[in-house]
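Each chain, letter by letter, is given below.
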Amino acid sequence: MNWIGFFTIYKKEMMRTFRVPLQTIFSPVITTALYFVVFGSAIGSRISVGGDVSYAQFIVPGLIMMSLLSSSLAAASSGIYFPKFSGTIYELLSAPLSYLEITLGYTLAATSRAMIISVIIYIVSLFFTPVPIAHPFVAVLFIFLTAFTFAMFGFIIGLLSDTFEKLNIFPTFVITPLSFLGGVFYSVDMLPGIWHQISYVNPIVYMINGLRWSFFESSSVSPLISIGIIVIFLVACLFALWRIFKTGYKIKT
Amino acid sequence: MSILKIKNLNKEYKGGLKALNDVSLEINKGEIFALLGPNGAGKTTLINIVCGLVNPSSGEVTVNNFDIIKQYREARAFVSLVPQEIQLDPFITVEQTLEFSRGFFGKAKKPELTKEILEGLSLWDKKDNKVIQLSGGMKRRVLIAKALMNEPEVLFLDEPTAGVDVELRRDMWKFIAKIKQQGTTIILTTHYLEEAEEMADRIGVIDKGEIKMVENKDILMKKMGKKQLLISLKKTLENLPADLQKKYIVLSDDKKSLLVNYDSELNLDIAGLMQTLKNNNIEIGDIVTKQSSLEDIFIDLINE
Ligand SMILES: Nc1ncnc2c1ncn2[C@@H]1O[C@H](COP(=O)(O)OP(=O)(O)OP(=O)(O)O)[C@@H](O)[C@H]1O
Ligand SMILES: [Mg+2]
């Protein structure tokens, strides 16, 4: 294992994150704070989500997950897309680095970045409402697994995209709608009939509910099922990556 | 001893373009090998296959006897590439980009090496500048500096002096000669024939994906050094006078001209020759000299 090589990629990616803090760190924070003001405080005081959890508290895990998904996906997809686009990827391909080391370098950096953002969002939310976490370790596990899985997913998108447009298709047309429909602002139990059932096809429902359980010990889905779904998704990404690397598809001519 | 062995290498790009056709080539340890060929000949393709950027269609390549695919870690540990295009992350500093290069190769930081390389390429005062703030020629030197951070045994330079001014080009030749002295094997491509003449130990010519010639430069230079003096005579001459009967002087079949073959080793005394002709009452109509250059050889080869 080329540890130094792996760590160099990780470091390069983390430096990229902190080079544009406005874009990578503060922008999700501002967005989340706005959601908080509008939904958490203004509208939320009139919505009951059951139990002794207030609406403002209820949306915190959802908001964290929403940022986590999009930032880990964006970090990993742009991380690998730009070297491909600018040609600097020649350095990685000609170095004694395995595909595993390259993948882990990029995806773990994207994971770290997303996790930092989720901690910041949590801290921001504390300005609006107290948010106790019932099972902090489970929460970290959910956050890590989800961020890592979406980093893998983003890495695949970055590898396969050959235009900026393709790079943005997934986040815009799949991830954003699915996270809005994934129960950030409502419990899927509130949905009537068929919409309730359809919701369970959306993997993001499981991620949000998994984290929600770790916060409040109650959610629409059992946490074990949530973990199971995330792991299945992760394995699917790993399998796809393995296929891509085996053939060198879209990486080498 | 050869450090790089290429055997029956073929490359067909998607879409069916055959960029390399059964290329076999061995590079000796410690030499400078210049690969010449017109645009699209397959030079970059060849280099990129060895460096792991392009998948070969068939054939075998080894570096230090390590297969570049099956034992890519061992093979690549020895090899650095300076690519033809300037491909650099614009937003990091010169020093940072050098350190990353070394890191990717799994080697621990070595600040004194960074300094030595940057000084050698007159970039030390730019070390804290972002890459985007450099001129084109500086960026090309940064690419070379990055490649050296790996302390390579084999260094590929794909058109290292493209877009570099004349003075700087001479500096770079000196620098490359210095790297060679430290024992590095260098394979370079160039469109400047004088560059190949100046630096290379051996020269290879590739065209349409096929190696047309591989030759020691000194032997090539001897061929190139050949000169011909063509003297047209006013009147036909039946026989060469005795004092003109030398093995390098030939009377043409139509007996109307003399052909004098000479090269850099034979210091032809032209004034003496003229005097001898005059003494024999041979009147000269016209004189033409011809010299074959690397360019002639090159053009002959690729026009075949
Ligand atoms: N990625 C690619 N896909 C398809 N064809 C390619 C690709 N890269 C190169 N080629 C083709 O392969 C041939 C050889 O190209 P190559 O870049 O190896 O030439 P070269 O000798 O380096 O030329 P130059 O002196 O212009 O740099 C050319 O016909 C080129 O169009
Ligand atoms: Mg080329």
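Preceding block: the structure.
Keep in mind that this is a model prediction, so the values were computed, not measured.

Quick notes on the rules
What you see as residue numbers is a count from 1 along each chain, following the sequence as written. The naming scheme follows written order: chains are lettered A onward, ligands numbered 1 onward. The model is predicted, so local features are restricted to residues of pLDDT at least 70 and side-chain atom pairs to those at 80 or more, both for listing and for counting; the totals for chains, interfaces and linings are taken over all residues. Note that water and hydrogens are dropped before the side-chain values are worked out from all heavy atoms of the structure. Only strands that DSSP links by at least two bridges are regarded as paired with each other. Numbering of helices and strands runs from the N terminus, with a helix taken as a DSSP run of H or I at least four residues long and a strand as a DSSP run of E at least two residues long. Only the contacting stretch of a helix is used when fitting its axis, a line to C-alpha atoms as for every element, and angles between N-to-C directions run 0 to 180 degrees. Orientation is classified from the angle alone, with under 35 degrees giving roughly parallel, over 145 giving roughly antiparallel, 65 to 115 giving roughly perpendicular, and any other angle giving oblique. Helix crossings are classified by the rotation of the near helix relative to the far one: an anticlockwise turn of less than a right angle makes the crossing left-handed, while a clockwise turn makes it right-handed. Here, two residues are considered to be in contact whenever any of their heavy atoms come within 4.5 Å of each other. We call Asp, Glu, Lys and Arg charged. Ala, Val, Leu, Ile, Met, Phe, Trp, Tyr, Cys and Pro are nonpolar, and the rest, Gly among them, are polar. We define buried area as the total accessible area lost by two parts upon association, computed with a 1.4 Å probe and summed across both. Counted as salt bridges are all cases of a side-chain nitrogen of Lys or Arg within 4 Å of a carboxyl oxygen of Asp or Glu. We define a polar contact as two N or O atoms separated by no more than 3.5 Å, with the added condition that, inside protein, one atom must be a possible hydrogen donor and the other a possible acceptor, whereas residues neighbouring each other in sequence contribute only through side-chain atom pairs. Proximity criterion: a residue is near a molecule or strand once any of its heavy atoms comes within 4 Å of it. Calculation of accessible area relied on Shrake-Rupley with a 1.4 Å probe; when residues are assessed, cover is drawn exclusively from the protein chains displayed.

(A) View of the pairing of strand E11 (residues 227-233) of chain B. Residues and elements named next belong to chain B. With six bridges connecting them, E11 and strand E13 (residues 257-262) associate as antiparallel partners. Within E13, the position partnered with Leu230 by the bridge is Leu259. Relative to strand E14 (residues 284-291), E11 runs antiparallel, the two sharing seven bridges. Bridge assignment links Ser232 to a residue of E14, and that residue is Asp286.

(B) Spatial organisation of the packing of helix H2 (residues 21-43) of chain A against helix H3 (residues 55-86) of chain A. Residue and element names in this part refer to chain A. Packing of H2 against H3 brings their axes to within 10 Å, and their N-to-C directions diverge by 155°. Between H2 and H3, the crossing angle belongs to the class labelled roughly antiparallel. Considering how the two elements wind past one another, H2 and H3 form a crossing that is right-handed. Every residue of H3 that contacts H2 at Pro28, Thr32, Tyr35, Phe36, Phe39 and Gly40 is listed here: Tyr55, Ala56, Ile59, Val60, Leu63, Met66 and Ser67. Split into classes, the residues belonging to the contact of H2 with H3 amount to ten nonpolar, three polar and no charged.

(C) Structural view of the interface of chain B and chain A. Between chain B and chain A, the contact holds 30 residues from the first and 26 residues from the second. Between chain B and chain A, a total of about 2500 Å² is buried, with carbon and sulfur atoms accounting for 57% of that surface. Remark: the boundary between chain B and chain A carries two salt bridges. Across the salt bridge formed by Glu101(A) and Arg73(B), the nearest N and O atoms sit 2.7 Å from each other. Our count for the chain B to chain A interface comes out at eight residue pairs in polar contact (both at pLDDT 80 or more). Per-class residue counts for the side of chain B that touches chain A are 16 nonpolar, seven polar and seven charged.

(D) Summary view of the sheet that holds E11(B). Residue and element names in this part refer to chain B. With respect to topology, four strands assemble into an open sheet ordered E12-E13-E11-E14, the strand pairing being antiparallel. Pairing within the sheet leaves two strands with one partner each, and these edge strands are strand E12 (249-251) and E14. In this sheet, adjacent strand axes meet at a mean angle of 20° when their direction is disregarded.

(E) Just the site of ligand 1, in detail. As a structural note, the neighbourhood of ligand 1 is formed by 15 residues, with Asn39(B), Lys43(B), Thr44(B), Thr45(B) and Gln84(B) the closest of them. Looking at what sits near ligand 1, you find residues from chains A and B. Here an oxygen atom of ligand 1 and a side-chain polar atom of Thr44(B) are 2.6 Å apart. Between ligand 1 and the protein, one listed contact pairs an oxygen atom with a side-chain N or O atom of Glu159(B) at 3.5 Å. Bound to the protein, ligand 1 loses 67% of the 640 Å² it would expose on its own. Among the elements that take part in the shell around ligand 1, helix H1 (residues 43-51) of chain B stands out by supplying three residues, more than any other. Tallied by class, the residues present in the shell around ligand 1 amount to five nonpolar, eight polar and two charged.

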